[in-house]
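Chain and residue survey
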Amino acid sequence: MKSLMKSAALLLCLGAPAMADDMMAMMQNTTVGPLTLSDGFAHATLPNQPVAGGFLTITNAGEAADTLIAAQSDIAGVMQIHEMAMLDDTMVMRELEGGVVIPAGGAAILKPGSIHLMFMQLKEPLVDGENVTVTVTFEQAGEVALTLPVRKKMHDGHGMSHDGDS
Amino acid sequence: MPRSLRIIIAAGALVASAVLVWLAWLQPYLAEEDVLKLGQGEYSLMGTDGQPFTQASLQGAPSVVFFGFTHCPEVCPTTLGDIAVWQEELGDVARDLRIFFVTVDPARDTAELLGDYVGWLPGAIGVTGDEAEIRAAEKAFRIYSRKIPLSDGEYTMDHSALVLLFDENGHFFEPIGYQEDLDRALSKLRRLLG
Ligand SMILES: [Cu+2]
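Predicted, not measured: the structure shown is a model, and the values here were computed from it.

**Some details on the coordination of the copper ion**
Residue and element names in this part refer to chain A.
- Taken together, His82 (ND1), Met93 (SD), His116 (NE2) and Met118 (SD) make up the protein donors of the copper ion, found 2.1 to 2.4 Å from the metal.
- Of note, the copper ion draws all its donor residues from one chain, in the sequence arrangement H-x10-M-x22-H-x1-M. Here histidine 82, found in strand β5 (residues 76-87), pairs with methionine 118, found in strand β9 (residues 115-122); they are 36 residues apart in sequence, far enough to count as distant.
- We classify methionine 118 as buried; its relative accessible area is 1%.

Written out as structure tokens, the structure is:
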């Protein structure tokens, strides 16, 4: 687990227009219906890498479950919801055709090495430090647009921590 | 998340039979004479350095061999980034270390695409070629890969994510696992290069 300070630093400003005057509005989350979307980011791409992962946490304060069923972005010809896993040193990845359920009173965490939004047919690279806009669709709560900061993958050099471990 | 759990279990079942075949290939790791044969076989591919890539390419200098593909969202970019960290940490010791990134997706990964994909990593060479030659190389290196269809006419590749180390005589040295602890990876590399 990361320190609180580090976690706070990694929280992002999820497009809150009312807070536009506050450039340091790092803790602002996006809400849609009873859902709160937080901790979103996307990974920067290597040269000629036509795909990328997008990640976020969805918390459901409602009394009914909801399902993340789709995502889209102008930067990607196709976006899908995927789950990857390592099975005996083999990387496997599958499309979650039924989407991701966010249980009532619970949360779904999309993170590296697990469930992710998959940017495919990228029209331009995802560049560290820039933002990418994604619209996600929930079965009940409907659509909401998010601004995900693009981050370089952090590698476990000495003195660094990995961003996939939170 | 029961639904996603079910799916990943289903995925596990899907690969299980193929992984068993792959494990059967891995069994010979136990026999020393077969360990020495890892990477040896009849395959003829082309590197983004313009040189052929065959079993003979493993000789002459120590090598890192990794199989992957450019449509890989995470494991391949992460591993290439890890290799960059190893190079930084090892400094001059890694001067002669060659990095071969062999595609498991030759239909999409042309030499031109692969060249820039790995070009930023010092000493890295992308390797591609005919489908049949790629499969022959996978067999020689005991690498599992499988094409998985997705919607929208897309597909992905399940694939082994082990980094394979070879000494300057082209003999298999040791594997490094995906996201293996940095110090363990570095100690393997220092023993390889020492
Ligand atoms: Cu994916």
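**Things to note about the confidence of the model for chain B**
- Summarising the model, chain B shows a mean pLDDT of 89, and 83% of its residues fall at 70 or more.
- Confidence estimates for the predicted assembly give a pTM of 0.84 and an ipTM of 0.85.

**Here's the deal with unusual backbone geometry**
Residue and element names in this part refer to chain A.
- In this model, aspartate 39 sits at a positive phi of 55°, which is unusual for a non-glycine residue.
- Mapped onto the elements of the fold, aspartate 39 is located in strand β2 (residues 35-43).
- Look at aspartate 89: it is not a glycine, yet its phi comes out positive at around 65°.
- Within the secondary structure, aspartate 89 sits in the loop between β5 and β6 (90-95).
- For aspartate 89, a relative accessible area of 34% gives the class partly exposed.

**Points about the sheet that holds strand β1 (residues 45-47) of chain B**
All names here are of chain B.
- Across the sheet, seven strands lie side by side as β2-β1-β5-β4-β3-β8-β9; this open sheet has mixed pairing. Unpaired on one side and paired on the other, β2 (52-53) and β9 (172-176) mark the two borders of the sheet.
- Pairing analysis gives six bridges linking strand β3 (residues 63-68) to strand β4 (residues 98-103), with the strands arranged parallel. Note on β4: the bridge partner recorded for glycine 68 is threonine 103.

**Describing the pattern of salt bridges**
Residue and element names in this part refer to chain B.
- Per the stated rule, a full pass over the model turns up ten salt bridges over all chains.
- Between arginine 135 and glutamate 131 there is a salt bridge; the shortest N-O distance is 2.7 Å. Of this pair, arginine 135 and glutamate 131 both sit in helix α5 (residues 131-141), separated by four residues, roughly a single helical turn.
- Looking at arginine 135, the relative accessible area reads 27%, which means it is partly exposed.
- Residue class for glutamate 131 comes out partly exposed when judged on its relative accessible area of 42%.

**Looking at the packing of aromatic side chains**
Residues and elements named next belong to chain B.
- Taken as a whole, this structure holds nine aromatic pairs over all chains when the rule is applied.
- Seen in terms of ring centroids, tyrosine 43 and phenylalanine 53 are 5.9 Å apart; in terms of plane orientation they differ by 35°. Their pairing is tilted. Taken together, the residues span a long stretch of sequence, with tyrosine 43 in the loop between α2 (32-35) and β1 and phenylalanine 53 in strand β2 at a distance of ten residues. Residues tyrosine 43 and phenylalanine 53 agree in their burial class; the two are buried.

**As for the nonpolar core**
- Among the nonpolar cores identified, the biggest contains 65 residues, and Phe53, Val65, Trp86, Phe141, Leu164 and Leu189 of chain B are the most heavily contacted of them.
- Apart from the residues lying within four places of it in its own chain, the contact partners of phenylalanine 53 of chain B are Tyr43, Ser44, Leu45, Met46, Gly47, Leu58, Phe100, Val102, Val127 and Phe141 of chain B.
- With 32 residues, the next largest nonpolar core counts Ala44, Ala52, Leu56 and Ile115 of chain A among its residues.

**Describing the environment of glutamine 55 of chain B**
- Relative to the helices and strands, glutamine 55 of chain B resides in the loop between β2 and β3.
- In the structure, glutamine 55 of chain B is positioned 33 residues away from glutamate 88 of chain B in sequence and 28 Å away in space, judged by C-alpha atoms.

Cut-offs applied
Residues numbered from 1 in each chain as written. Chains lettered and ligands numbered in written order. Predicted model: local features only at pLDDT ≥ 70, side-chain atom pairs only at ≥ 80, totals over all residues. Heavy atoms only, no water. Donors = N, O, S within 2.8 Å, 3.2 Å for Na, K, Ca; no water. Helix = DSSP H or I, 4+ residues; strand = E, 2+ residues; numbered from the N terminus. Buried < 20%, exposed > 50% of the residue type's maximum accessible area, 1.4 Å probe, protein only. pLDDT = per-residue confidence, 0-100. Pairing = 2+ DSSP bridges. Salt bridge = Lys/Arg side-chain N within 4 Å of Asp/Glu carboxyl O. Phe/Tyr/Trp six-rings, centres within 6.5 Å; stacked < 30°, edge-to-face > 60°. Core = buried A, V, L, I, M, F, W, Y, C linked by side-chain atoms within 4.5 Å. Contact = heavy atoms within 4.5 Å.

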